[in-house]
Amino acid sequence: MKDDKRNPRQAGIRPRPVRGALGALSGALAGCAALAVAELVSAWVRPQAGPVVAVGGAAIDRTPAAVKDWAIRHFGTNDKLVLQLGILAVLTLFALALGVLALRYRRAGAGGVLVIGVVGAIAAVGRPDSSGPADAVPSLAGALAGALLLYFLIGRLRPSADRPEATAGHESADRPEATAGTGPDPDEAAGWDRRGFVIAATAAAAASAGAGALGRALGAASGRDAAASREDVVLPVPASPAAPLPKGTQVRVAGVSPFTTPNSAFYRVDTALVVPRVDANTWRLRIHGTGVTRPVTLSFADLLRREAVERDITLTCVSNEVGGPYVGNARWIGVRLADLLAECGVKPPSRGGPADQLVARSVDGMTIGSPVEDVMDGRDALLALGMNGAPLPFEHGFPVRMVVPGLYGYVSACKWIKDIELTTFDAYDPYWVRRGWARKAPVKTQSRIDTPKPFARPEAGTVMVAGVAWAQHRGIDKVEVRVDDGPWQGATLAAEDTRDTWRQWSFPWKATKGGHTLTVRATDRTGALQTERRTRTVPDGASGRHSVVVTVG
Ligand SMILES: Nc1nc2c(c(=O)[nH]1)N[C@H]1C(S)=C(S)[C@@H](COP(=O)(O)O)O[C@H]1N2
Ligand SMILES: [Mo]
């Protein structure tokens with residue numbers, strides 16, 4: 001038995017749970033090293049080419065409308081953070097499993113790390129904003145580092161006989177106490193390279209942390225030109241300024257959203273896991289396509305030289321549930337898109353133009369299609385450069401985005417825009433349309449109760465009920481409130497800014513003790529009453545009426 005291959009000294013570490021844990025630890029370390037190296041390399045290649053961002057982006061693109069809506073509903077603007085944490089959790093599980101697998105099948109374990117790297121590389125190269133095969137490099141470099149590390153660490157866990165560098169003689173000379181059988185440390189007795197493992201593992205962990213931190217720093221530095229170009233922007237003085245806000249657009253009731261949404265509080269909805277940071281100095285916008293007799297490529301300076309207009313426009317997301325938060329109002333500065341298009345020779349379909357769809361493309365590969373007719377019908381469709389007196393925040397599309405009053409954001413408000421192509425609805429389906437959303441989506445007439453909040457417990461007496469209503473480009477003419485199953489009663493409308501903005505309202509309610517349901521409905525200037533019919537957000541926006549349940553004490 002002494003000479004048996006299964007001699008404890010040569011069978012690796014015991015007890016087995018310890019061995020398994022060390023294998024898993026090796027996998028985890030290899031995973032960290034892979035991600036850190038990938039992060040470092042991607043900071044250098046392109047921040048969007050990192051494996052987590054690339055796989056996350058691919059996952060977002062493959063998410064059906066219903067699931068995307070569910071994610072937005074449950075995680076809100078944190079949906080992207082949740083997605084990335086999910087990807088990291090899956091990667092961690094893979095890493096732990098590959099580490100354990102490698103204890104028995106060392107090559108297979110290391111090979112598994114490489115396979116994951118290839119998946120990341122394919123995702124990165126397949127992204128719509130990919131800059132080509134170079135985008136595969138971060139994932140592949142990371143995977144190679146991870147695979148080599150795993151192979152090496154697992155080697156340290158093997159019984160010494162497996163390691164050419166550790167012969168039996170060497171070992172007994174090195175560790176006489178083990179051969180003497182004087183109650184040695186079980187790990188020592190197992191003959192694994194404990195010292196080598198600890199040193200390698202510690203070094204790998206430290207190197208990973210260093211590479212990760214360096215990657216972060218490089219990533220931050222790579223956005224510096226863009227940040228500097230944003231600092232340098234001096235917004236034009238509008239030749240056509242927005243009128244000062246009329247008195248009384250803001251109702252004086254606590255809890256109602258501010259009439260103008262501050263940039264920091266403006267909702268954000270997009271597919272970008274890494275916010276694009278575009279340098280305004282190198283930014284260009286190309287206008288071309290069907291019926292464009294004079295295509296152009298414009299720089300940011302070209303836009304600044306044009307007549308600037310300033311307008312208040314309320315933007316709404318098609319994913320906004322009844323009563324939801326994805327609506328905001330800002331004062332935008334930009335140039336008239338219709339004028340630019342006309343200069344390029346574009347005619348709307350009603351005047352015989354061949355193109356009925358305008359497809360805007362962003363630097364991150366988003367495509368957003370709007371009806372040419374709407375953009376050119378005299379409404380203030382803008383290429384916006386400024387938002388509430390500041391250059392666009394990066395999150396909201398710096399340096400230039402589109403804003404079209406009356407259309408949901410997904411069919412009008414392309415951020416980080418770089419290209420406008422005139423085409424037809426028959427010829428091209430943009431991003432969201434391919435995912436089940438409607439080709440055309442004017443904003444539905446909607447109203448929301450901002451106060452009291454759901455399940456509030458106001459005191460009996462006069463309770464101010466107040467909120468906002470919107471029907472962009474049509475305008476709001478009436479808002480009514482109903483208590484329980486009572487009659488509809490007219491609310492007091494706040495002053496209207498323009499028909500492209502939302503409108504506030506208030507209603508002094510003589511609240512009596514007990515539970516009550518408050519419901520609101522609006523009528524737009526076409527005379528259309530906000531429908532009672534509840535629909536989901538998919539395919540063209542939620543309909544139905546907002547209700548709030550309160551208990552009066
Ligand atoms: N490049 C790009 N532009 C985009 C989107 C996007 O995902 N990518 N989302 C659109 C959607 S669905 C909406 S509602 C608005 C939201 O604009 P905001 O984030 O500035 O509020 O941007 C639109 N423009
Ligand atoms: Mo949206």
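Structural data are supplied above this passage.
Just so it is clear, the model here is predicted, and its values are computed rather than measured.

Rules used in this analysis
- By convention here, each chain's residues receive numbers from 1 onward along its written sequence.
- Each chain takes a letter, starting from A, and each ligand takes a number, starting from 1, following the order in which they are written.
- Local features in this predicted model are restricted to residues whose pLDDT is 70 or higher, and side-chain atom pairs enter the listing and the counts only when it is 80 or higher, whereas totals over whole chains, interfaces and linings include all residues.
- Just so you know, side-chain values use all the structure's heavy atoms and leave hydrogens and water out.
- Throughout this document, a residue counts as near a molecule or strand when at least one of its heavy atoms sits within 4 Å of that molecule or strand.
- Polar contacts, as used here, are pairs of N or O atoms within 3.5 Å; protein pairs need one atom able to donate a hydrogen and one able to accept it. Residues neighboring in sequence count only if both atoms are side-chain atoms.
- Surface accessibility in these figures is a Shrake-Rupley result with a 1.4 Å probe; residues are shielded only by whichever protein chains are displayed.
- Three classes are used: nonpolar for Ala, Val, Leu, Ile, Met, Phe, Trp, Tyr, Cys and Pro, charged for Asp, Glu, Lys and Arg, and polar for all others, with Gly counted as polar.
- Patch construction takes residues with relative accessible area above 30% that form no salt bridge. Like charges are linked within 9 Å, and nonpolar side chains (Val, Leu, Ile, Met, Phe, Trp, Tyr) are linked within 5 Å.
- For this analysis, a salt bridge means a side-chain nitrogen from Lys or Arg found within 4 Å of a carboxyl oxygen belonging to Asp or Glu.
- What counts as a helix is a DSSP run of H or I of at least four residues, what counts as a strand is a run of E of at least two, and both are numbered from the N terminus.
- Partly exposed residues are those whose accessible area sits between 20% and 50% of the maximum for their type, while under 20% is buried and over 50% is exposed, using a 1.4 Å probe and protein chains only.
- Points on a 1 Å grid over protein atoms alone make up a cavity when a 1.4 Å probe fits among them but cannot get out, and a pocket when they form an open set with protein on both sides within 12 Å along at least five of seven lines; lining residues each have an atom within 4 Å of a point.
- Grid points are joined across faces, edges and corners, and a volume is the space filled by probe spheres set on the points.
- Here the arc refers to the directions that run from the helix axis out to each C-beta atom.
- Any two residues whose heavy atoms approach within 4.5 Å are treated as being in contact.
- Any two strands with at least two DSSP bridges between them are considered paired.
- Where helices are involved, their axes are fitted lines through C-alpha atoms of the stretch in contact, as for all axes, and angles between N-to-C directions lie from 0 to 180°.
- Less than a right angle of anticlockwise turn of the near helix away from the far helix marks a crossing as left-handed, whereas a clockwise turn marks it as right-handed.
- Working definition: rings of Phe, Tyr and Trp (its six-membered ring) pair if their centres are within 6.5 Å, and the pair is stacked with planes under 30 degrees apart, edge-to-face with planes over 60 apart, and tilted otherwise.
- Consider the ring centre and the ring normal. A charge sits over the ring if Lys NZ or Arg CZ is within 6 Å of that centre and within 35 degrees of that normal.

Caption draft 1: Spatial organisation of the site of ligand 1. Surrounding ligand 1, one finds 20 residues, the nearest of these being Tyr267, Asp270, His396, Arg401 and Lys415. Tyr267 is positioned with one of its backbone polar atoms (N or O) 2.7 Å from an oxygen atom of ligand 1. Between Thr271 and ligand 1, the recorded distance is 3.0 Å, taken from a backbone N or O atom to an oxygen atom. When ligand 1 sits alone it has 520 Å² of accessible area, and the protein chains cover 100% of it. Along the lines of polarity and charge, the residues of the shell around ligand 1 split into 11 nonpolar, four polar and five charged.

Caption draft 2: Just a nonpolar patch on the surface, in detail. Taken together, Val67, Trp70, Phe75 and Val82 make up a surface patch of nonpolar side chains, about 310 Å² in accessible area. Broken down by element, the nonpolar patch gets its largest block of residues, three residues, from helix H3 (residues 65-75). Within the element layout of this structure, Val82 appears in helix H4 (residues 79-104). Relative accessible area serves as the criterion here: at 31%, Val82 is assigned to the partly exposed category.

Caption draft 3: Here's a closer look at the environment of Trp44. Following the sequence through the fold, Trp44 ends up in helix H1 (residues 16-45). The exposure class assigned to Trp44 is exposed, which follows from its relative accessible area of 72%.

Caption draft 4: Fine view of empty space enclosed by the protein. One pass over the full model with this rule turns up four cavities of 30 Å³ or more. A volume near 310 Å³ is recorded for the largest cavity. Split into classes, the residues belonging to the lining of the largest cavity amount to 14 nonpolar, five polar and six charged. Of the volumes computed, that of the second largest cavity is approximately 180 Å³. What lines the second largest cavity is a set of 15 residues, among which Arg127, Asp129, Thr271, Ala272 and Asp364 lie closest to the centre. Looking at the lining of the second largest cavity, its residues break down into seven nonpolar, four polar and four charged.

Caption draft 5: Quick look at H3. Among all positions of H3, only Ala65, Lys68, Asp69, Ala71 and Ile72 are buried. Taken end-on, H3 shows its buried residues confined to a sector of 160°, consistent with a single buried face. Where H3 is buried, its residues contact H4. Positioned one or two residues after H3, Gly76 has a phi angle of 55°, which is positive.

Caption draft 6: Broad picture of the pairing of strand E5 (residues 357-362). Within E5, five of the six residues are buried, leaving the element largely enclosed by the surrounding structure. Relative to strand E6 (residues 367-371), E5 is paired through five bridges, and the arrangement is antiparallel. When the bridges of E6 are listed, Ala360 appears paired with Ile368.

Caption draft 7: Fine view of the side chain of Thr314. When you line up the elements, Thr314 lands in strand E3 (residues 309-316). Thr314 gets classed as buried once you look at its relative accessible area, which sits at 2%. In terms of polar contacts, Thr314 uses its side chain to reach the backbone amide nitrogen of Trp502, at 2.8 Å.

Caption draft 8: Just the sheet that holds strand E12 (residues 461-470), in detail. In spatial order, the strands read E11-E12-E16-E15; together these four strands make up an open sheet with antiparallel pairing. Taken across any chain shown, the strands that pair with only one partner, and hence form the sheet edges, are strand E11 (446-451) and strand E15 (492-493). One ladder, built from five bridges, connects E11 with E12; its direction is antiparallel. In the strand pairing of E12, Ile449 is matched with Gly467.

Caption draft 9: Representation of the layout of surface pockets in the model. Estimates place the volume of the largest pocket at around 1100 Å³. Secondary-structure elements contributing two or more residues to the lining of the largest pocket are H1, helix H2 (51-62), H4 and helix H10 (194-222). The greatest single-element share of the lining of the largest pocket, amounting to eight residues, is contributed by H10. Tallied by class, the residues present in the lining of the largest pocket amount to 21 nonpolar, 10 polar and eight charged.

Caption draft 10: Spotlight on the packing of H2 against H4. Where H2 meets H4, the axes come as close as 10 Å, and the angle between the chain directions of the two elements is 115°. Two packed elements cross with a definite hand, and for H2 against H4 that hand is right-handed. Touching Val52, Val53, Val55, Gly56, Ala59 and Ile60 of H2 are Leu83, Gln84, Ile87, Leu88 and Leu91, all from H4. Class assignment of the residues belonging to the contact of H2 with H4 gives a composition of nine nonpolar, two polar and no charged.

Caption draft 11: Region of the structure containing the packing of aromatic side chains. One pass over the structure, following the stated rule, counts nine aromatic pairs. Here the aromatic rings of Phe266 and Tyr267 are separated by 5.4 Å at their centres, their planes lie at 25°, and the arrangement is stacked. With relative accessibility at 5%, the residue Phe266 sits in the buried group. Among the residues examined, Tyr267 registers a relative accessible area of 12% and is labelled buried. Through successive ring pairs, a cluster of aromatic residues spans Phe266, Tyr267, Tyr326 and Trp332. It is Arg156 that lies over the ring of Phe152; its NZ or CZ is 4.2 Å from the centre. Lying over the aromatic face of Phe394, Arg230 brings its terminal NZ or CZ to 5.9 Å of the ring centre.

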